Amino acid sequence: MTDTDNQTFRKPVTQRRQSQVMLSRVANSLYWMSRYIERAENVARMLDVNLQLMLDFAHLDDNQLKEHWIPVLNSAGDQETFFKLYDRAGSETVTEFLTFRAENPNSILSCIFAARENARQVRDQISMEMFEALNECYLFLRSRNAREVWSTGAHEFFEQIKKSSHLFQGLTDATFTRNEGYEFINLGKYLERADKTTRILDIKYHILLPSVADVGGAVDTAQWRAVLRSASALEAYRRFHVEDIIPKKVAEFLIFSTTFPRSIRFCLQRLDTELHRLSGREKGDYGSPGEKAFGKMLSDLNFLTVNEILDRGLHQFLQEIQTILDQLDDHIYLEYMYHPPVDLEAEIFLQQQQMQQQ
Amino acid sequence: MLFDRYETGDYFDEMFDGNGGVRDHYHLVSERLNGIDRAEHLRKQTAVDLAFMRSGVTFTVYNDDQGTERIFPFDLVPRVIPDAEWTRIEAGLIQRITALNLFLHDIYHDQKILKERVIPPHYILGAKHFRREFMGFNVPKDIYVHICGTDLIRDREGTYLVLEDNLRCPSGASYMLENRAALKRAFPDLYRSAQVRPVDTYASDLRKVLQYVSPPSLGGGSQPNVVLLTPGVFNSAYFEHAFLARQMGIPIVEGRDLVVRDARVYMRTISGLVPVDMIYRRIDDDYLDPTVFRPDSLLGVPGLVNAYRSGNVSLANSIGTGVADDKVVYYFVPKIIKYYLGEDPILSNVGTFLASEPEDRVFILENLEKLVVKSANEAGGYGMLMGPWATKGEISEFREQVRANPRNFIAQHPVSLSRHPTWCRGDGDAAGDGFEGRHVDLRPYILYGEKVTVSPGGLTRVALRKGSLVVNSSQGGGSKDTWVLQSR
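Nothing here was measured: the structure is a model prediction, and the numbers come from that model.

Below, the discussion takes up the overall build of chain B. Each helix and strand in chain B was counted, giving 14 helices and 23 strands. For chain B, whose C-alpha radius of gyration is 23 Å, the value lies close to the compact-globule estimate of 23 Å for 488 residues. Once the C-alpha set of chain B is aligned to its principal axes, its extents read approximately 70 × 60 × 50 Å. Counting every position in chain B, which comprises 488 residues, the buried fraction comes to 48%.

In this section: the interface of chain B and chain A. A common way to state how big an interface is: give the accessible area lost once the parts meet. Counting residues at the interface gives 31 residues for chain B, matched by 36 residues for chain A. For the side of chain B that touches chain A, the elements supplying multiple residues, two or more each, are helix 2 (38-54), helix 9 (238-248), strand 7 (252-253), strand 8 (258-261), strand 9 (264-269) and strand 10 (272-275) of chain B. For the side of chain B that touches chain A, the class distribution of residues is 17 nonpolar, 8 polar and 6 charged.

Moving on: the sheet that holds strand 9 of chain B. Residues and elements named next belong to chain B. If you trace the 3 strands from one edge of the open sheet to the other, you get 8-9-10, paired in antiparallel fashion. Edge positions in the sheet fall to strand 8 and strand 10, since each of these pairs with one other strand and no more. Looking at each pair of strands side by side, their axes are set apart by 40 degrees on average, direction ignored. Where strand 9 lies against strand 10, 4 bridges are found, and the strand directions are antiparallel.

Residue and element names in this part refer to chain A. Within the fold, D61 resides in the loop between helix 2 (24-55) and helix 3 (62-76). For D61, a count of 8 C-beta atoms within 10 Å translates into the label exposed. Separated by 218 residues in sequence, D61 and S279 place their C-alpha atoms 53 Å apart.

Turning our eyes to something else, we now look at the confidence of the model for chain A. Residues and elements named next belong to chain A. Overall, the predicted model of chain A reaches an average pLDDT of 87, with 90% of residues at or above 70. Confidence drops under a pLDDT of 50 for residues 1-19, and excluding neighbours within four residues, the segment shows 25 contacts in the predicted structure. Across residues 210-215, confidence stays below pLDDT 50; counting only partners more than four residues off in sequence or on other chains, it has 3 contacts.

The nonpolar side chains of soluble globular proteins are, as a tendency, buried together. Ranked by internal contacts, the top residues of the largest apolar core, which has 221 residues, are A27 and A40 of chain A. Residue contributions to this core peak at 14 residues, all from helix 2 of chain A. Discounting residues that sit within four places of it in the chain, A27 of chain A has contacts with M22, E180, F184, Y336 and M337 of chain A together with I270 of chain B.

All right, on to the domain arrangement of chain A then. Residues and elements named next belong to chain A. Here chain A is described as being made up of domain 1 (23-176) and domain 2 (193-338). Distance between the C-alpha centres of domain 1 and domain 2: 21 Å. On the domain 2 side, the residues contacting the 16 residues of domain 1 number 16 residues. Ranked by residue count, the leading element in the side of domain 1 that touches domain 2 is helix 2, at 11 residues.

All names here are of chain A. Helix 7 (residues 128-142) packs onto helix 6 (residues 108-121) with a crossing angle of 140 degrees between their chain directions and a minimal axis gap of 10 Å. By the angle between their axes, helix 6 is oblique relative to helix 7. Relative to helix 7, helix 6 is oriented so that their crossing is left-handed. Contacts between helix 6 and helix 7 involve L109, I112, F113, A115, R116 and A119 from the first element and F131, L134, N135, C137, Y138 and L141 from the second. For the contact of helix 6 with helix 7, the residue count by class is 10 nonpolar, 1 polar and 1 charged.

On to the domain arrangement of chain B, then. Annotation of chain B at the domain level lists domain 1 (24-85 + 416-484), domain 2 (216-312) and domain 3 (351-412). Once you take the C-alpha centre of each, domain 2 of chain B and domain 3 of chain B turn out to be 38 Å apart.

Conventions adopted
- Residues numbered from 1 in each chain as written.
- Chains lettered and ligands numbered in written order.
- Predicted model: local features only at pLDDT ≥ 70, side-chain atom pairs only at ≥ 80, totals over all residues.
- Helix = DSSP H or I, 4+ residues; strand = E, 2+ residues; numbered from the N terminus.
- Rg over C-alpha atoms; globule rule 2.2 N^0.38 Å.
- Buried ≥ 20, exposed ≤ 12 C-beta atoms within 10 Å, placed from the backbone.
- Contact = placed C-beta atoms within 7 Å.
- Nonpolar A, V, L, I, M, F, W, Y, C, P; charged D, E, K, R; others polar.
- Pairing = 2+ DSSP bridges.
- Axes fitted to C-alpha atoms, helices over the stretch in contact; angles between N-to-C directions.
- pLDDT = per-residue confidence, 0-100.
- Core = buried A, V, L, I, M, F, W, Y, C linked by C-beta atoms within 7 Å.
- Domains from an automatic or database assignment.
- Parallel < 35°, antiparallel > 145°, perpendicular 65-115°, else oblique.
- Left-handed = near helix turned anticlockwise from the far one by under 90°.

Quick look at the structure:
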C-alpha cells in the first residue's frame, strides 16, 4: 500500500479485541435501529401523557393550546415542517404530525419504518425473534387497522407502540450475542434515551416558567406528574421520595438517579461502559475531543448538585448535555462507521493502472 | 371430502393415476388431507401465510411504487417423490453438472469441443455470457459451477425433462428450507410418519463447498473469511441472501462494504480493513466490477476481477458460467454429456429448435402459434412467447424479432406440465374452496465441492393461476414443500 492509501483508508482501531469482524455498515444499522425504536417509544409516551393531561384542561383557547403543544412539538420534531402542513397547533394536529406523518422524519411511523429498514439491512446479524417483533409493529402501522385503533382510542395505540419497543428491547437482551453489535445497540438506546429525557424535562421547564404564581398549585403538580410519567418515572419517583411531587426533586431524580434506568446520569454511565468496551481503553481514559467532553459531563453529573444546576440555569444545562450527546454521536460515527467515500471514477482509474502494472 | 370435485384432466397428475386412484407414495398424504375439513385447512393455510409475513419471508415486487414485499405463496400439500424415482433424477443431475463443468473448462482452455465441431464455434464465441477475458484462466480446483439450480418438468407421460439449467446465481433455496419448516409446523404428525429425507443441511453443505474452493486465508486465520455479496436490501431476493448468510454464519456484504487494494479484497469494518478470501456472490457477472464490466454499476467492487485473477479471492459461481445456461447451448447439452462423459443423458431435454439453423428457423416461423419461443438469455419467465395462448399481435412481434436476431431465440413444443392438487380459493365463496390441479415444476439444488451433492427434493413451484404454465414468483407462482421419501 502507498502512503496516500493509508491516508485514504482508516487504520485499524487500537487495542480492541478482535473477537469478530463487524462491518462498519452493520454497526451503523444496529445503532440506528436501536435509536429509532427508542425514539418511537419516547414519542409515544410523551404524546400519550400530554393527551391525557389535556383532558384536565378542557377549557383552553387556541393560544393556550398552542402554548402547550409547541414545546412538545419542538422536543420531537420541528415547527417549520409542522406549519407547512397545518395551520394550528392543537391536540389533534400535533398528535397526528408526531404519529403518522411521513413528512416528519421523527414521527412514530417514520421511526418504526426506519428501524425496520435498518433491521432488514442486518437481518443476518439480529435474532429472528427481534426481527419478527419489529416487523409485526411495522405491519401493524402499515395496516388500515392502525389508524382505526388510533382514532378510537389513542391510548391503546400508544400502548401498543410502547409494548413493541419493550418487547424488542427485552428480546435483544434475551437473544442477542454479547459482541460489538450489542455495544452499538446499547449506545443507540442510551444515547437516544438520555437525549429524550433532557427534552422531556426541558418542555415542562418552559411551560412552568411563566406561571410562577401557580407554583405549588394543583396545575403545577399535574404538570410535574406528567413530566415524570413522560419518562415512565412516576412510580419510581414515589418510591424514592415518599412525599409530594416537588419540582426540584423531580429534576434531581431525572438528572441524577443512579438506579432509575431513564435518568440522564444512568444513561451516561451505561454509555461510558459501552464506549470503553468498544475502544478497549482503561476506565477514565478518553480518546477524541467528543469522547473527552462526554467524560467531563459524566463527572459533572457525578459531582454537581441540583442546586448548582438550577443556579447555572436548568435549560442551559440541558442544552449542554444535548450538544455533548450530538458530539458523541459524531465520535461514534467517525471512529467506527465512517470510511472515506470512494470516488467511483478515480477508483476505476486506479484499479486499471494497477492491472496494467502487473 | 376436499377432493370431491377434483379432476385430473388431460394431464399427468402427481397424486392420482389415470383411473383416479391415489398413487402409492401419496397414500399417507391423501389420508391426512381427507381427514380435515375446509375450515381446518383454511385455518392452517392462514396461519402459514401470517407466519411468513411476520417473519418477513418475502420477495420484493418490482414495478410497484411502494416496493411492496409479498410472500411467495406457499401451498400446504406437499409434492412427494418416491425413492427410486429420485435416485434416477439425482444421477441425471450429477451427470449433467459434471459434463457442464468439463464443458466450461474446455471452452475457456483448449476448446476441443469447438475444434471438433461438436458445437459450431460461433454459438459459443458469440454468446452473450462468454467471457473471453478469462480464456486460459484456472479456477480453483477446476470447479466453475458450485451452485446450480436445474429446472425439471414432467410431460404427459410423467417423464422428467430438463427445462433449463441455472448456472449463474440460482435462487430459491431459502424457500425450500422455509417451506419445510412451515410444513413441519402445519402437519407434524404426517411429516413424522411419512419418513421424508431432510433438506436442512443445505446451508452447512454450501458453507463447506465455499470453504473448499477458497484460497488459503489472507488474514492468517485458520478459517478463510467467507462473505455473501448481495446487491442490497432492495433486491427482490434479499430475504434469501440474508437467510443463507445467517444460516451459514457468514457476513452479508454489499459492494460498498468492500474495497480492493493491491489486488486483495478487504471489507470495511469497525476495526479497519479486514481481508476477504471467498465471495459467494449473488450479483451477475456484468455488475461485479465496473473496471471490467459495466462501468455504471454501483453494485460491484472496482478491482474485484483483478483480485480474482490474481488468485487472492475466489468467487462462487465463477465468472463466465452464464455461457452454459444460454438457451442455445442448452440445445447442445445432450451432445456435451456424450462428448465429455461418453454416456447417454439420463435426463432428456425438451425438444428444441434453434432459430439460427436455417431449417429450424423456417419451421419456427411457420409454426409460431404452436410453439413456445424463448430468448436465449432471459430468466424469470420474461422474453417468452407462448404461441398457443398468444395474440396475433404478439406472434407477429416475435416473428420480426426472430427474423432480426435468430441467434437470440430458441423454440420448443409446449410441454403440458404435470399437475398437482393445490388449494384454490373459490370465487369469494368458502364452499367453493378446495383442491384443483395446478401445473408444477421442480428445482433441485446441486452443490459442487469436494463431491457433487443434490438437495433431496428442492423447490416445487406451482402456477397458481388456473391453466397457467408460468411458475415464476414474479408472475403469480407459488411453491410447495417437496418430499423425497427415504428408501425402505
